[in-house]
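This is what each chain is made of:
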Amino acid sequence: MSFRSKAQTFGSKLSNMVLPNLGAFMAWGILTALGIALGNELLQSFIGPMLNYLLTLLIAVAGGKMVYGYRGSVIAAVATMGLIIGSEITMFIGAMVMGPLSAWILKKFDSLIENRIPTGFELLINNLSSGIIGAGLAIISNVAVAPIIVSLTKVLAAGVDFLMEYSLLPLTAIFIEPAKILFLNNAIGQGVLTPLGITQVSDFGKSILFLLESNPGPGLGILLAYMFFGRGNTKGTAYGASVIHFFGGIHEIYFPFVLMKPVLIFPLILGGMTGSFVFTLFDVGLVGVASPGSIIAISIMASMGDHVGIYAGIIAACIVTFVTSIPFVRKTDDNEEQLKSAATQMEQLKGKKSRISSVFDSEENTAKEFDFASVKKIAYACDAGLGSSAMGASILQKKIIKAGLEDINVFHLSVSDLPTECDVVVTHQSLMDRVKELQPNVYHIDIVDYLNAPQYDELVNKLKDSQQESKTL
Amino acid sequence: MLKEMITAKDIEIGLQATDWEDAIRKSSRRLLEKGAIEQEYIDSMVNVLKENGPYIVLGNHIALAHTRPEYGANEIGLSFTTLNPPVEFGSENFDPIKLIITFSATDSNSHLSLISELAGILGDDEVMRNLFESTTSEEFYNHLVSALDE
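Every value quoted in this text rests on a predicted model; they were computed, and no experiment measured them. (Residues numbered from 1 in each chain as written. Chains lettered and ligands numbered in written order. Predicted model: local features only at pLDDT ≥ 70, side-chain atom pairs only at ≥ 80, totals over all residues. Heavy atoms only, no water.)

Novice: Give a description of the pairing of strand β2 (residues 409–414) of chain A that names residues and reports values.
Specialist: Residues and elements named next belong to chain A. Here strand β1 (residues 377–382) runs beside β2; their pairing, made up of six bridges, is parallel. Paired with Cys382 across the strands is Ser414, a residue of β2. As for the winding sense of the linkage, the β-α-β connection from β1 through helix α17 (residues 388–402) to β2 is right-handed. (Pairing = 2+ DSSP bridges. Helix = DSSP H or I, 4+ residues; strand = E, 2+ residues; numbered from the N terminus. Right-handed = clockwise from strand over helix to strand, strands pointing away.)

Novice: Can you lay out the sheet that holds strand β5 (residues 97–104) of chain B for me, pointing to particular residues and giving the numbers?
Specialist: Residue and element names in this part refer to chain B. A sheet is described by the order of its strands in space; here five strands give the open sequence β1-β4-β5-β3-β2, paired in mixed fashion. Strand pairing shows two members of the sheet lacking a second neighbour, β1 (11–15) and β2 (57–59), which therefore form its edges. Pairs of neighbouring strands in the sheet enclose a mean axial angle of 25 degrees, with direction left out of account. (Axes fitted to C-alpha atoms, helices over the stretch in contact; angles between N-to-C directions.)

Novice: Go over a nonpolar patch on the surface, please, and point to the residues and values.
Specialist: Together, Ile30, Leu34, Leu38 and Met304 of chain A make up a nonpolar patch on the protein surface, roughly 410 Å² of accessible area in all. With respect to the helices and strands, the residue Leu38 of chain A is situated in helix α2 (residues 22–38). (Patch = residues over 30% accessible without salt bridge, like charges linked within 9 Å, V, L, I, M, F, W, Y side chains within 5 Å. Areas by Shrake-Rupley, 256 points an atom, 1.4 Å probe, with all protein chains shown as cover. Salt bridge = Lys/Arg side-chain N within 4 Å of Asp/Glu carboxyl O.)

Novice: Tell me about the environment of Met391 of chain A, and please be specific about residues and values.
Specialist: Secondary-structure assignment places Met391 of chain A in helix α17. The exposure class assigned to Met391 of chain A is buried, which follows from its relative accessible area of 0%. Once the C-alpha coordinates of Met391 of chain A and His412 of chain A are considered, the two residues, 21 residues apart in sequence, prove to be 8.7 Å apart. Setting aside its immediate chain neighbours within four residues, Met391 of chain A contacts Leu451 of chain A together with Leu58, Leu64, Ile115, Leu118, Ala119 and Leu122 of chain B. (Buried < 20%, exposed > 50% of the residue type's maximum accessible area, 1.4 Å probe, protein only. Contact = heavy atoms within 4.5 Å.)

Novice: Please provide a residue-by-residue account of a negative patch on the surface, values included.
Specialist: Among the surface-exposed residues, Asp124, Asp125, Glu126 and Glu150 of chain B lie close enough to one another that they form a single negatively charged patch. Structurally, the position occupied by Asp124 of chain B is in the loop between α5 (112–122) and α6 (125–133). (Lys, Arg positive; Asp, Glu negative; His and termini not counted. Charge placed at Lys NZ, Arg CZ, Asp CG, Glu CD.)

Novice: Before we move on, could you go through helix α5 (residues 122–165) of chain A and cite the residues and values that matter?
Specialist: At Val145 of chain A, α5 of chain A shows its maximal bend, which comes to roughly 50 degrees, and the proline Pro147 of chain A appears one to four places after that position. Backbone geometry just after α5 of chain A places Ser167 of chain A at a positive phi near 55 degrees. (Bend = angle between axes of the 7 residues up to and from the residue.)

Novice: Go over the sheet that holds β1 of chain A, please, and point to the residues and values.
Specialist: Residue and element names in this part refer to chain A. Read from one edge of the open sheet, four strands run β2-β1-β3-β4, paired in parallel fashion. With one partner strand each, in any of the chains shown, β2 and β4 (443–447) form the two edges of the open sheet. The average angle at which neighbouring strand axes cross in this sheet is 25 degrees, direction not considered.

Novice: Pulling in residues and values, what's your account of the pairing of strand β3 (residues 424–428) of chain A?
Specialist: All names here are of chain A. For β3, the tally of buried residues reaches five of five residues, placing the bulk of the element in the interior. Where β1 and β3 come together, four bridges link them in parallel fashion. Bridging from a neighbouring strand, Tyr380 pairs with Val426 of β3. Note: β3 against β4, five bridges, orientation parallel. Directly across from His428, in β4, lies its bridge partner Ile447. In the classification by handedness, the crossover that spans β3, the intervening helix α18 (residues 432–438) and the parallel β4 is right-handed.

Printed below as a string of structure tokens:
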């Protein structure tokens, strides 16, 4: 696995702990903003407990669930409780560490004793093990882990403080803008900026950090440049893309335009720096995460009285990127293929199919960089989850074992039980739309022949080749 | 396990049906009489197919008629019905259907070894040709059993 895809996997894990909980983050932001603005004591009483307990535990729960289902999320919450009590600061980063870690420990323990539990004692032993390990981890978290996380958070916060004190925040654009194009934005946005930003909100009532990555200005600048100075297809697509980008907050939509002309990264950085500079100048901030980075979400989350400064920053960023990218965009010959291939390239960068690329190309593309070596679980889905899928799963499993890939497990289930923990979903062609809707982020295989689908051998070969490849590496 | 479950009585040869719905309804009579399924199960099989398209068509000319256990499945049940003339199920690749396997189960796991045995022979073209061409349920049964023994 390349460094980039590792970093992406890591980033998407971090963001997967935050994204499912964004509703709670926003609710907290609204309560905090209103509480502070109105000076209302009732509303203010939410701020601390909700931040330190609820949001932190929600992150832990999502992290634990990712690793080991609901059982994982329970122990994650218990262990994280130790962190919360063991420190004065908000333990987001700690929850991101202890949540998945404690679920992983329980998972390992379970698999160790799996075959040694006498029949009839499963429930008792499962509850006892989760309880005892959970209590132990909570104490360890409290005594040993919390201090480490506290000092780590302090270092990160000190770094941010340093940047803010010397007005160096605009420089972060040098990292943030290219990272966005490489889909590392979540690692930065949700992993680092969100926890630090929330800490700042509880101290100062708002934070500029939320604006750094979510500022739609630079991306809009690029799209406007294409709208006015691009030609043919790029011009038309840029128009629709800018609406989706600016109001929908889906920044991915402008990435292909940059990948098509990588030099545009410089106008983006300049725009990002300008935006952050203006934000710093007016000392503005958001009271919570603005995700997705849409002008609407930003307006809602803007701290009272900061709207003008925020809009000024976004507009300034947009104008700077727009003006500086004109010469590059002008030079671009219109080429429909170029945009499409950039969209494909984007999928490869992301390592999975992007919901955005369909805007550029309606043809179905399978993810090209899917990592077959990491496949452990294959779900075979049909409507009832017992007949056709069981049949197909049984045949596919036999083929996989025959190929010497014993550690890959094929199981069957009903489409309505998706999403489930798996790397690949196989299903009948006529059920694929439902499957994709329920679990879009896995590798999909559609078949029409349960018994002799050519896709079985194709998959088995891919699995075999990739495993051999990863062994020789 | 499949061998122990099936007798020649679970096999019907040369059923005439007007369309796929008729074929499914008629092929399910045996399981209904045995009490393996309720009428609701049959209705559900038909509805699921109407909703989802012919996903129960397994491969060459075979359909595995079934639905979820909660729609009136009382026990594991299996019956084989060959269709003469074959019936269109709306499957682009595998029409017409010559064999319907009507199937019921009470949960999604208890019948796995059964399904797995079945999977082993359904993929074998020669066995299937013998099954399609059987003229009596005894002949069908013998072909089935000898294929299972192999």
